[in-house]
Amino acid sequence: MSTTVKRTIEIINEISPSFCAAKWYNATIWLGNGRTASCHLPPAHTIPLKEIAVDPSALHNTEFKKQRRKEMLDGVRCKECAYCWTVEDTASPDIHSDRIYKTKIYKENEILQLANIDPTENIDPKTLEISFDNLCNLSCTYCNSEFSTTWSSDIKLNGPYTKLKTSGGGAFQNAGEHALPYGIKNENNPYIEAFFKWFHAGLKDNLQELRITGGEPTRSPWFWKLLDECKDTKFDFAVNSNLIMDQVKLNQLINASKQFKRFDLYTSGEGYGAHGEFIRWGLDYSLWRNNLIQFAKEGQYNLINVMMTISALSIWTVTEFMTDMLELRKQFGGHQFFMGLNLVRFPSFQNLNVLPQHLKQAQADKIEIWLSTAVGLHPAETNQIERIVEYLRTVERSQEDTDSQEDKAKDLKSFTQQYADRKNIALSSVFPTEFIEWFNTI
């Protein structure tokens, strides 16, 4: 355990056993449809229009979130933070939940002062992630039409997915019109209007980092408008991009990286080659890798981060993918291509625990063997990889999961087969034999 992590745990426990600084200092806001969450783990909740009409900072300081802050200060485990509680209750003492890492990025005095702040007080986040819309050129397996226009187009063309019984199945049975209530151009969107008011009223002076996500941000005109308004700002800037773009757009992104004192690129991947292309439909693995290398060579950046989404469908070539990223790290320096491993929890039928125990154990063994020989990993990466291994070995059901194992398995088969049929892909061409043999028994 690093000294910083150890000290963060001590600070957290001084305040409350359920405390996490992200509830105050971090936020993701989907401006296209007015939803927010304190990090990528809890489900998003709606931002009431009446609240931002009074104060645009209510994009972050919702009454709902203020109630969760009070619970944390009182030592109550927020139900929406169930993933962290699952990790803490099942993992070994040396494996840490995300609330440790989410808190660790702030200064000690910044964390401690939250213990004495009225939870109803409005406070500007220090790290903020925003999405203007869901314009996207990929339709990833774990995503849906709310976050991708390509997913939406598929539903409109081929119809909704059928025979899904679990609670997450509904996400694949609509075209996501609710995701853009103000139209694809987001004209007269009160949430976007509130953001720019808040941004110029003082938010931009208090931010440590502003991060833009999507959809695919580079496809949104609002992304480029924001860049124009970020001139002379002092905060760090980051963007989540799938990097599936032509040379003109890639050059624009490379030039944008030179506008800021510190620029971080977050891109996504977890499956290798053809398997990775199936998981993130629309992905060209070679194009993604080549664009990643060109950005690494020509961009002006602090970090390049690779976000890995671990699911029952993506787990099969995770080690091959990580090996490829470590090869790139050798070329560009040991601090680049940092890998972050995040578990899919929604929909529940894609969570790792839908797999039978013998397959989970086999994957845990494979990853553990790979980890024992991997060279060049950062301690935080090792911890996250060990967390996946622990999850595969010990977690049978996530705390928030209310679906039966039978329904989850049937939904996994139904969804995956329909997904493959729409792409005219044979599952045997992208998944290993052991998965196909189990899949065919469902």
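Sequence positions are assigned chain by chain, starting from 1 and proceeding in written order. Local features in a predicted model are, by the rule used here, given only for residues with pLDDT of at least 70; side-chain atom pairs are given and counted only at 80 or more, and totals for whole chains, interfaces and linings are based on all residues. Only hydrogens and water are set aside when side-chain values are computed; all heavy atoms of the structure are taken into account.

Draft legend 1. Just the nonpolar core, in detail. We define a nonpolar core as any set of buried Ala, Val, Leu, Ile, Met, Phe, Trp, Tyr and Cys residues linked to one another through side-chain atoms lying within 4.5 Å. We call a residue buried when its accessible area falls under 20% of the maximum for its residue type, exposed when it is over 50%, and partly exposed in between, using a 1.4 Å probe and counting protein chains only. Counting residues in each nonpolar core, the largest one holds 132 residues, and the members touching the most others are Leu59, Leu128, Ile130, Phe195, Leu210, Leu226 and Phe237. Put simply, DSSP marks the helices as runs of H or I at least four residues long and the strands as runs of E at least two long, and each gets a number from the N terminus on. Per-element tally for this core: the top contributor is helix H9 (residues 190-206), with eight residues.

Draft legend 2. Molecular detail of the packing of helix H11 (residues 247-256) against helix H13 (residues 285-298). Two numbers describe how H11 lies on H13: the axes approach to 10 Å, and their chain directions differ by 35°. As for the relative orientation of H11 and H13, their crossing is right-handed in sense. From H11, Gln247, Leu250, Asn251, Leu253 and Ile254 reach across to H13, where they touch Asn291, Gln294, Phe295 and Glu298. We call Asp, Glu, Lys and Arg charged. Ala, Val, Leu, Ile, Met, Phe, Trp, Tyr, Cys and Pro are nonpolar, and the rest, Gly among them, are polar. Partitioning the contact of H11 with H13 into residue classes produces four nonpolar, four polar and one charged. Between N-to-C directions, angles span 0 to 180 degrees; the directions come from axes that are lines fitted to C-alpha atoms, helices contributing only their stretch in contact. Working rule for handedness: look at the near helix, and if it is turned counterclockwise from the far one by less than a right angle, call the crossing left-handed; if clockwise, right-handed. When checking whether two residues touch, look at their non-hydrogen atoms; a contact exists if any pair is within 4.5 Å.

Draft legend 3. A look at the side chain of Arg387. Relative to the helices and strands, Arg387 resides in helix H16 (residues 379-394). Exposure remark for Arg387: the relative accessible area of 5% places this residue in the buried category. Residues contacting Arg387, with those up to four places away along its chain left out, are Tyr83, Val87, Ile95, His96, Ser97, Asp98, Tyr101 and Leu341.

Draft legend 4. View of the sheet that holds strand E3 (residues 45-46). One bridge is not enough; two strands pair if DSSP finds at least two bridges between them. Read from one edge of the open sheet, nine strands run E3-E2-E1-E4-E6-E7-E8-E10-E11, paired in mixed fashion. At either margin of the open sheet sits one strand with a lone partner, and together these are E3 and strand E11 (338-343). Relative to strand E6 (residues 209-213), strand E4 (residues 127-131) runs parallel, the two being bridged by five bridges. Following the sheet pairing, Leu128 is matched in E6 by Leu210.

Draft legend 5. Geometry of the pairing of E6. Most of E6 is tucked away, with five of its five residues classed as buried. Neither face of E6 is left uncovered, since the one carrying Glu209, Arg211 and Thr213 and the one carrying Leu210 and Ile212 both have all their residues buried. Alignment of E6 against strand E7 (residues 236-240), held across four bridges, turns out to be parallel. What sits directly across from Leu210, in E7, is Phe237. A crossover connection joins E6 to the parallel E7 through helix H10 (residues 221-229); in handedness this β-α-β unit is right-handed. Looking down the strands as they point away from the viewer, one classifies a crossover as right-handed if the path from the first strand across the helix to the second runs clockwise.

Draft legend 6. Layout of unusual backbone geometry. Between Gly214 and Gly215 the backbone carries a cis peptide bond, its omega angle lying at 10°. Examined against the element boundaries, Gly215 turns out to sit in the loop between E6 and H10. A cis amide bond, omega 0°, links Phe346 with the succeeding residue Pro347. Topologically, Pro347 is positioned in the loop between E11 and helix H15 (357-373). In this structure, Lys163 takes a positive phi of about 60° despite not being glycine. Looking at where Lys163 falls in the secondary structure, it is placed in the loop between helix H8 (149-158) and H9.

Draft legend 7. The packing of aromatic side chains, seen in detail. Any two of the Phe, Tyr and Trp rings considered here, Trp counted by its six-membered ring, make a pair once their centres fall within 6.5 Å; the pair's planes then place it as stacked at under 30 degrees, edge-to-face at over 60, or tilted in between. The final tally for this structure, using the stated rule, is 39 aromatic pairs. Taking the centre distance of 6.2 Å and the plane angle of 15° together, the rings of Phe132 and Phe196 count as stacked. Of this pair, Phe132 sits in the loop between E4 and strand E5 (139-140) while Phe196 sits in helix H9, and the two are 64 residues apart along the sequence. An identical accessibility class is assigned to Phe132 and Phe196; each is buried. The rings of Trp151, Tyr161, Phe172, Phe278, Trp316, Phe349, Phe415, Tyr419, Phe431, Phe435, Trp438 and Phe439 are connected pair by pair, giving a single aromatic cluster. We count a charge as sitting over a ring when the NZ of a lysine or the CZ of an arginine lies within 6 Å of the ring centre and within 35 degrees of the ring normal. Over the aromatic face of Phe439 sits the side chain of Lys413, whose NZ or CZ is 5.8 Å from the ring centroid.

Draft legend 8. Examining the pairing of E7 more closely. Most of E7 is tucked away, with four of its five residues classed as buried. Bridge count for E7 against strand E8 (residues 263-268) is four bridges, and the pairing is parallel. Of the residues in E8, the one forming a bridge with Phe237 is Phe263. In this fold, the crossover linking E7 to E8 by way of H11 has right-handed handedness.

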